[in-house]
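# A look at the structure
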Amino acid sequence: MALIVQKYGGTSVGSIERIENVANKVMAFRERGDDVVVVLSAMSGETNRLIDLAKAIQNPPDPRELDMLVATGEQVTIALLAMALKKRGQDARSYTGGQVRILTDSAFNKARILEIDEGNIRRDLAAGRVVVVAGFQGVDEQGNITTLGRGGSDTTGVALAAALKADECQIYTDVDGVYTTDPRVVPEARRLDRITFEEMLEMASLGSKVLQIRSVEFAGKYNVPLRVLSSMQDGPGTLITYEDEGMEDALISGIAFNRDEAQITVQGVPDQPGVAYRILGPIGEANIEVDMIVQNTSADGSTTDFTFTVHRNDYDKALALLKKHAGAMGAREVKGDSKIVKLSLVGVGMRSHAGIASTMFEALAKEGINIRMISTSEIKISVVVDEKYLELGVRALHSAFKLDQAPAA
Ligand code: ADP
Ligand code: ASP
Ligand code: MG
């Protein structure tokens, strides 16, 4: 007998049939004698629909009211699942984030969980009930409804598993695990039996939306056994774990890509101390996060070109800001390009192997893909390329590193 937290994503609860399917899966665990806490997303498409309604009235929408609105999506699915379980003779109770008391800070639309009161849940479990919790939402000290950012139900699941010291947190989705890359882009992508927290965190940060970044951070920090599985087919899924002897001996675990970035270049700025500060100061003050940065000095050393990337949502704002400051910075020109993507190779094996970057650059060169920016860290290499090369680039890298084949033991 185990205590299991199961999170089902939007597609897995996207229709009445799918909700009945979730109820059957939960029943199977109950029949084995397990205690089950279920965390649900809204039906697929529902959160987007609600955001569009808000934007039709006010754009950008008021953050507090937006949370009030989007949190309703999850309230629908939890009630329906609780009914489906009761219909099967299984006592169940649904709770909103506020009812559980998932306490968060007051950063509307991207709140962080501060504390979870697991008392109600424990009492229900002891009484033989299945507890069904609305994902993605919490409540702040003042009683306002907050939400945790897109994909935030993953984080609710992991945080509840940590608070309850659950034996496993199972993330059920529309793929049967974590793949070497998004199987929608590369059909030959291969399911990984295991991946380390560190690699999964990089993959999520670099654009693989199969798990929300914060859920992986949380699982790593509190050592929550985390598994990604399909709600539609049986199988072992992917276990996210600490590095151990039994891990696949792969150089590269996966390829992530991010379509959400845009590039800005400030050209011909006098090369003097303080250039980077003068360019990025106003960007930081406007609360815009910068990702990659490259600076090149002209042949005669008198001027410099400064290029960096920001989230696409911040692109217009950042570009307008720098155009305004161009004169004061002594820049010749400020240019931008929002049609770029970032491709990244991730793997703990990179630490101990040379030559990975050159294999990566060779594979891209063979396809005629020009690299605009490069950045590396201990376990990842990222490049920025034109948006039109996303699929081609990911496929070329996937085959150059033979990710479709299981690594030799
Ligand atoms: P849910 O609604 O269940 O939370 P998501 O859409 O958030 O599901 O996440 C699942 C999707 O993540 C998959 O359908 C897949 O297209 C995408 N994905 C991106 N990268 C990967 C990867 N490396 N492995 C598996 N799925 C990935
Ligand atoms: N429904 C929310 C979203 O679409 C949260 C989630 O599904 O995890 O982002
Ligand atoms: Mg998701």
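Residues numbered from 1 in each chain as written. Chains lettered and ligands numbered in written order. Predicted model: local features only at pLDDT ≥ 70, side-chain atom pairs only at ≥ 80, totals over all residues. Heavy atoms only, no water.

### Comments concerning the pattern of salt bridges
Per the counting criterion, the structure on display carries 25 salt bridges. One network of salt bridges, with partners in common, ties together Asp-91, Arg-93, Asp-124 and Arg-129. (Salt bridge = Lys/Arg side-chain N within 4 Å of Asp/Glu carboxyl O.)

### A look at the sheet that holds strand β13 (residues 254–258)
Overall, antiparallel pairing links the 4 strands, which are arranged β13-β18-β20-β19 in an open sheet. The sheet terminates laterally at β13 and β19 (373–377), the two strands that pair on one side only. For this sheet, the mean angle separating the axes of adjacent strands, direction not counted, is 20°. Relative to strand β18 (residues 340–346), β13 runs antiparallel, the two sharing 5 bridges. What sits directly across from Gly-254, in β18, is Val-346. The sheet contacts of helix α12 (residues 356–366) involve β18, β19 and β20 (380–386), and relative to β20 the element is tilted by about 20°. (Pairing = 2+ DSSP bridges. Helix = DSSP H or I, 4+ residues; strand = E, 2+ residues; numbered from the N terminus. Axes fitted to C-alpha atoms, helices over the stretch in contact; angles between N-to-C directions. Contact = heavy atoms within 4.5 Å.)

### So, the nonpolar core
Val-37, Ile-121 and Val-133 are the most contacted members of the largest nonpolar core, which has 42 residues in total. Looking at which element gives the most residues to this core, the answer is helix α7 (residues 153–164), with 6 residues. If near-sequence neighbours (up to four positions away) are discounted, Val-37 is found in contact with Leu-3, Ile-4, Val-5, Gln-6, Ile-121, Leu-125, Val-131, Val-133, Leu-160 and Leu-164. In terms of nonpolar packing, the next biggest core, distinct from the first, is built from 25 residues, Tyr-179, Leu-343, Met-350 and Leu-397 among them. (Core = buried A, V, L, I, M, F, W, Y, C linked by side-chain atoms within 4.5 Å. Buried < 20%, exposed > 50% of the residue type's maximum accessible area, 1.4 Å probe, protein only.)

### Points about the site of ligand 1
In the vicinity of ligand 1 there are 18 residues, among which Thr-173, Asp-174, Tyr-179, Asp-182 and Arg-184 approach most closely. Contact between ligand 1 and Lys-7: an oxygen atom at 3.1 Å from a side-chain N or O atom of the residue. Contacts to ligand 1 include Thr-173, whose side-chain N or O atom sits 2.7 Å from an oxygen atom. With the chains in place, 84% of the 570 Å² that ligand 1 exposes on its own is no longer accessible. Considering only residue class, the shell around ligand 1 consists of 7 nonpolar, 6 polar and 5 charged. (Near = heavy atom within 4 Å. Polar contact = N/O pair within 3.5 Å; in protein donor to acceptor, adjacent residues only side chain to side chain. Areas by Shrake-Rupley, 256 points an atom, 1.4 Å probe, with all protein chains shown as cover. Nonpolar A, V, L, I, M, F, W, Y, C, P; charged D, E, K, R; others polar.)

### A short note on the site of ligand 2
The environment of ligand 2 is formed by Ser-41, Ala-42, Thr-47, Glu-74, Phe-136, Arg-150, Gly-151, Gly-152 and Ser-153. Glu-74 places a polar side-chain atom, nitrogen or oxygen, 2.7 Å from a nitrogen atom of ligand 2. In the model, an oxygen atom of ligand 2 is placed 2.9 Å from a nitrogen or oxygen of the Gly-151 main chain. Of the residues belonging to the shell around ligand 2, the class tally is 2 nonpolar, 5 polar and 2 charged.

### A closer look at the packing of α12 against helix α13 (residues 390–400)
The interhelical angle for the contact between α12 and α13, taken along N-to-C directions, is 130°, at an axis separation of 9 Å. When the axes of α12 and α13 are compared, the pair comes out oblique. Judged by the sense of rotation from one axis to the other, the crossing of α12 with α13 is right-handed. Residue-level contacts link Met-360, Ala-363 and Leu-364 of α12 to Gly-393, Ala-396, Leu-397 and Ala-400 of α13. Looking at the contact of α12 with α13 residue by residue, the classes come out as 6 nonpolar, 1 polar and no charged. (Parallel < 35°, antiparallel > 145°, perpendicular 65-115°, else oblique. Left-handed = near helix turned anticlockwise from the far one by under 90°.)

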